[in-house]
Amino acid sequence: MAVLAKIRKRSGLLLLAIGFALLAFVVQDLFTNGFKSLSKDVGSVNGKNISFEEFRVKVANTEKNAQNGQQMTSMQASNQVWNQEVNVALLTAEFEKLGIRVGEKHIVEVFKADPNIGQNQMFLNAAGKFDLKKFKDYFKTNPEGAQLLKEREKDAELNAKYQIYNSLVKGAMYTTETEGKFKYEAETNKVTFDFVSVPFSSIKDSEVKISDDEIVAYMKTKEKKFKSEESRELEYVLIEEKPSAQDESEIKKNIDALLLPSVRYNKETGKNDTIKGFKGAIDNAEFVNANSDIPFDSTYIAKQDLPAESADALFALPIGEVYGPYMFNNYSRISKALGRKSGAKVKASHILISWEGTKVPNKKEKRTKEQAKAKADGLLAQALANPGMFSLLAMTNSDDSSAQQGGDLGFFAPGQMVKPFNDFVFNNPVGKIGLVETEFGYHIINVTEKQDAIKLATIAQKIAPSEATNDKTYTQATKFEMEAASKDFAALAKQMKLSVNPSVRVKAIDESFGSITNQRQIVKWAFEGDTNIGDVKRFELVNVGHLIAKLKKVNEKGLMAVEEARPQVEMLLKNKKKTEKIKAKMTGSTLAAIAAANKVTVQNAIDLTLENPSVPGAGFEPKVVGNAFSSKAGKVSKTIDGNSGVYVIATKAVTKAPAIKKYTDYVNKLKPQVVGNAGRYMQALKDDADIKDNRADFY
């Protein structure tokens, strides 16, 4: 009792101690994982925060609305939304800075450009033009639609401002007459000179060493080019879940057994029934579905669509005969011929002539149905008179996208085309040219080829690892993980007859791990606060196997890692060192003397231009050609550092271009390049911005 009394008296102290312990746990967690998880922002652009809640909703909607039925991962959606958010933030700031404003007229123009609005029959007048009053009246009587329109107006306003901004940027991009003159002279001025070239290859790479410090020093002179995000380097072992030789043998044995009759117990009759083998089976579909991993397919298959290695044997298989087992796409298969069909697939070309009101976008010209019929009849007559011209007629007249291929639609099966088109091609012989009408317009059709096809009943069983094989793989993977924590990673792999894969470098928001896609789990582990260099962890990869990764290196944000920069920088720095060695030997008062001292010959370059400064036997050397134009004739130049070696030149003659009054043609040559430069402003804005990306804390 006395003990209980003491406990009661000290219960307050006990609770306080527990409280401190919990607080210490929380504080430790904060210091371990940082305070990032408390942030409500997924990032910021020039100090303007991007709310995670709003960002998360947009990501979810992007995933949901992925086009063409393609699946999109959260990280892929996140990347798409992040780029949009950054672009919008940067552009909005530019719009404000420039004072760009838009009114109703601009917003309406954006709406009209949307086919769902601008071409919607509800909003068109009798002349087929967009009617603003109809558009407004519709939303006055539709509150839900009005709310949706209000939300769309924000996007339309932004779009309208963007169009103005884009026009301003493009308008600021122009080419001057002086630039046109320079272009003319660069193309037309010519220089002829003699030269001596000592290539960098004359000194072995092994004779020139580049240290890590030299690479770092070079990167510091171009920090913007060599800046790098925080990253992690990991090495890994991949133990795949794949079938053993015994697994393959078992599947083949199962397939072979299906060729012979079998005895099975019938629960309903209490007797054994003899089941016919695959060859003698009457209901082929039922037999396939009962024994195959791939359901019965009743379609006819052309020879080109059969497995290449077995195509000849399968296509020649007599009806009722069985071929196999054979392998295709990791399945062991046996196939039984059920039938043959001539002309099962057809290849055809067509010329589509549409009219206003058909479901064809991007029509080549506006025309009525009567005008379309007249044109189609004329083209049909030309095609019948000269079938060899069909492809050219399609290219120059067809409203279909197949015009680029001369109207060729490739091979197709029955039912893939609209009925009138389908009926014509499958009911007419090869070479037949005719005219049909569909909802898309008038089609001049040329039946160019037909293929026979066969129907097969195929039993396919996937060759997959058995449970016993997967258990062995799991045991091997877990053993490696446990021992790698305290042993040398590469030595252990060699001991267990495994291969260590080359190091993989990942950034905080990467989703793929090297060539292995959708492995966000590995990347997140590498960046966790309690993951240290040398730590090892095993990951189960669905339908792949087990990946055991080791954190090898942590690269902080800043300059690129030396290992990453070396391939870009090393040869450049080696050539600089080689240049100094070569220059020391290039002595002499004449080209002949310099050539003799370096065991090379004097060469000649004739009529080179600044536009095409390609030196014979050396390649692209603008610095050399530029020096030749500016050098005094007959004088031996100083050494010139080229792209492929060191040069000394002696200019022989410079031929100036004849003067012309206007340089319009040359200005026009430069304009496409200038227009292309206008599209680079977005990247320029990003390079100049302070962008903080915290998505790795949320995804």
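Note that the coordinates shown come from a computational prediction; the quantities given were computed from them, not determined experimentally.

Peer 1: Sorry, what's going on with the pairing of strand β5 (residues 231-240) here?
Peer 2: Along a regular strand, successive side chains alternate from one face of the sheet to the other. Counting buried positions along β5 gives eight out of 10 residues, so the element sits mostly inside the fold. Strand direction decides the pairing type here: β5 and strand β14 (residues 500-507), joined by six bridges, are antiparallel. Opposite Arg 232, over in β14, you have Val 506 as the bridge partner. Pairing of β5 with strand β16 (residues 545-555), which is carried by 10 bridges, proceeds in the antiparallel orientation. Its bridge partner lying in β16, Ile 239 is registered against His 546.

Peer 1: For this particular structure, what's the right way to read the packing of helix α3 (residues 52-64) against helix α4 (residues 74-98)?
Peer 2: Packed helix pairs are characterised by how far apart their axes lie and by the angle those axes make with each other. Where α3 meets α4, the closest approach of the two axes is 9 Å, and the angle between their N-to-C directions is 120°. With respect to α4, the element α3 is oriented oblique. Helix-helix and strand crossings are classified by hand; for α3 and α4 the assignment is right-handed. Across the interface between the two elements, Phe 55, Lys 58, Val 59, Thr 62 and Glu 63 from α3 touch Ser 74, Ala 77, Ser 78, Gln 80, Val 81, Trp 82 and Glu 85 from α4. Along the lines of polarity and charge, the residues of the contact of α3 with α4 split into five nonpolar, four polar and three charged.

Peer 1: Teacher, can you tell me more about unusual backbone geometry here?
Peer 2: The bulk of non-glycine residues show a negative phi, and the bulk of peptide bonds are trans. The omega angle of the peptide bond from Gly 324 to Pro 325 is 0°, so this bond is cis rather than trans. With respect to the helices, strands and loops of the structure, Pro 325 is situated in strand β9 (residues 322-328). Although it is not a glycine, Asn 46 sits at a positive phi angle of roughly 50°. Tracing the backbone through its elements, the reader meets Asn 46 in the loop between β1 (41-45) and β2 (48-51). Here Asn 46 falls in the partly exposed class, since its relative accessible area comes to 48%. A positive phi angle, close to 50°, is found at Asn 518, a residue other than glycine. Along the chain, Asn 518 turns up in the loop between β14 and α19 (520-527). The class for Asn 518 is partly exposed, based on a relative accessible area of 45%.

About the cut-offs
Residues numbered from 1 in each chain as written. Predicted model: local features only at pLDDT ≥ 70, side-chain atom pairs only at ≥ 80, totals over all residues. Heavy atoms only, no water. Buried < 20%, exposed > 50% of the residue type's maximum accessible area, 1.4 Å probe, protein only. Helix = DSSP H or I, 4+ residues; strand = E, 2+ residues; numbered from the N terminus. Pairing = 2+ DSSP bridges. Axes fitted to C-alpha atoms, helices over the stretch in contact; angles between N-to-C directions. Parallel < 35°, antiparallel > 145°, perpendicular 65-115°, else oblique. Left-handed = near helix turned anticlockwise from the far one by under 90°. Contact = heavy atoms within 4.5 Å. Nonpolar A, V, L, I, M, F, W, Y, C, P; charged D, E, K, R; others polar.

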